[in-house]
Amino acid sequence: DQQVKQNSPSLSVQEGRISILNCDYTNSMFDYFLWYKKYPAEGPTFLISISSIKDKNEDGRFTVFLNKSAKHLSLHIVPSQPGDSAVYFCAASSQTSGSRLTFGEGTQLTVNP
Amino acid sequence: GAGVSQSPSNKVTEKGKDVELRCDPISGHTALYWYRQRLGQGLEFLIYFQGNSAPDKSGLPSDRFSAERTGESVSTLTIQRTQQEDSAVYLCASSTQASGNTIYFGEGSWLTVV
C-alpha cells in the first residue's frame, strides 16, 4: 500500500528553466509534508516542508505547493541549476505517526547545462 | 561530528552470515529511525525509537531483523542469516522535538549480500 507516490521516476530540464516535481498521497491523515534531496552515495538532506494549514511555502529558488483536496503536492525549482541534479523524495507524516515519515519512490532530476 | 554517523559505510557479506550496522545520532536527538533503500526503490521505514518509549518495529520485514538503542544514543541494527534481498543502503536518521517533523539522515551503510 503505497501511501505516497511519485509517478515520475525521472525528469530532465534545461538549466535556467523551471523544474516541477510532483507527489500524490492517499492518507487523509497526513498533515505535514517534506521534500528531501539525495545525491549518490550520500544520505537524503532536508530541503523544504509545508504544513497542511498552508498551501504554499517558499524558500529561495524552491517552492512547495499543497493541494489538499487533490491530495497532491509539488516542488518547483526556478531557475534550475546543474547542481540541483539529484533524486528528490517526497515525504509525509501525521500527528499519529509522530515524526515517522512515509516516503515516495523518488524522482531523478537532471538539469542539463 | 555534528551529523548522524553510520558505520560501516560499506559491507559485503556472504549469504547466511549475520551483520551489525551502527548509528550514532545527533547529540540531544531523542528520536532515531532506521530506513532502507533497495536499488531503484524508495525509502522503506524499518524501526523508530523515541526516548524511553517502546520502539515502533512495524516496518521490520522479518524476524531476522532487530534493532537496539542504548538510552538516547547509539543504535545497532542486526540482520541475521542475511539473504540477497537484504542488499540495500541502510539509512539512520534522528530528530528532536525542536526539529518538528524534520529528520536528519546519515550517509548510510551500503550492504551487499553475495
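As shown above, the structure is provided for reference.
Residues numbered from 1 in each chain as written. Chains lettered and ligands numbered in written order. Predicted model: local features only at pLDDT ≥ 70, side-chain atom pairs only at ≥ 80, totals over all residues. Heavy atoms only, no water.

A. Expanded view of the sheet that holds strand E7 (residues 75-79) of chain B. Residue and element names in this part refer to chain B. Strand order in the open sheet formed by four strands is E1-E3-E7-E6, and the pairing between neighbours is antiparallel. Of all strands in the sheet, those bounded by a partner on one side alone are strand E1 (5-7) and strand E6 (65-69). Each strand of the sheet is rotated relative to its neighbour by a mean of 15 degrees, with strand direction disregarded. Bridge count for strand E3 (residues 19-24) against E7 is five bridges, and the pairing is antiparallel. In the sheet register, Cys23 faces E7, and the bridge partner there is Ser75. (Pairing = 2+ DSSP bridges. Helix = DSSP H or I, 4+ residues; strand = E, 2+ residues; numbered from the N terminus. Axes fitted to C-alpha atoms, helices over the stretch in contact; angles between N-to-C directions.)

B. Fine view of the side chain of A:Gln6. All names here are of chain A. Positionally, Gln6 belongs in the loop between strand E1 (4-5) and strand E2 (10-14). Side-chain polar atoms of Gln6 contact the backbone oxygen of Tyr88, separated by 2.9 Å. Other than its neighbours up to four places away in sequence, Gln6 contacts Asn22, Cys23, Trp35, Tyr88, Phe89, Cys90, Gly104, Glu105, Gly106 and Thr107. (Polar contact = N/O pair within 3.5 Å; in protein donor to acceptor, adjacent residues only side chain to side chain. Contact = heavy atoms within 4.5 Å.)

C. The nonpolar core, seen in detail. By size, the foremost hydrophobic cluster in this structure holds 23 residues, and its most contacted members are A:Phe33, A:Trp35, A:Leu73, A:Leu75 and A:Tyr88. Elements with a contribution of two residues or more to this core: strand E3 (19-25), strand E4 (32-38), strand E5 (45-51), strand E7 (62-67), strand E8 (72-77), strand E9 (86-93) and strand E11 (107-112) of chain A. In terms of residues, this core owes the most to one element, E9(A), which gives four residues. Membership of the second largest hydrophobic core comes to 20 residues, among which are B:Val4, B:Leu21, B:Leu60 and B:Ala88. (Core = buried A, V, L, I, M, F, W, Y, C linked by side-chain atoms within 4.5 Å. Buried < 20%, exposed > 50% of the residue type's maximum accessible area, 1.4 Å probe, protein only.)

D. Structural detail: the sheet that holds E3(A). Residue and element names in this part refer to chain A. On the basis of which strands lie adjacent, the open sheet formed by five strands has the order E1-E3-E8-E7-E6 and antiparallel pairing. Pairing within the sheet leaves two strands with one partner each, and these edge strands are E1 and strand E6 (56-59). One ladder, built from six bridges, connects E7 with E8; its direction is antiparallel. Opposite Thr63, over in E8, you have His76 as the bridge partner.

E. Representation of the pattern of salt bridges within the structure. In the structure shown here, the tally under the stated rule is nine salt bridges over all chains. A:Arg100 is the salt-bridge partner of B:Asp56, the closest N and O atoms lying 3.1 Å from each other. Taken together, the residues B:Asp56 in the loop between strand E5 (43-50) and E6 and A:Arg100 in the loop between E9 and strand E10 (102-103) connect one chain to another. The partly exposed category is assigned to A:Arg100, whose relative accessible area is 23%. One salt bridge in this structure joins B:Arg36 and B:Glu44, with 2.8 Å as the shortest N-O distance. By relative accessible area, B:Arg36 is classed as buried at 3%. Taken together, the shared-partner salt bridges connect B:Arg36, B:Arg38 and B:Glu44 into one network. (Salt bridge = Lys/Arg side-chain N within 4 Å of Asp/Glu carboxyl O.)

F. The arrangement of the interface of chain B and chain A in detail. With 20 residues of chain B at the contact, the number on the chain A side is 18 residues. There are one salt bridge connecting chain B and chain A. Our count for the chain B to chain A interface comes out at four residue pairs in polar contact (both at pLDDT 80 or more). Listed by contribution, the elements that provide at least two residues to the side of chain B that touches chain A are strand E4 (31-37), E5 and strand E8 (88-95) of chain B. When grouped by side-chain class, the residues that make up the side of chain B that touches chain A number nine nonpolar, nine polar and two charged. (Nonpolar A, V, L, I, M, F, W, Y, C, P; charged D, E, K, R; others polar.)

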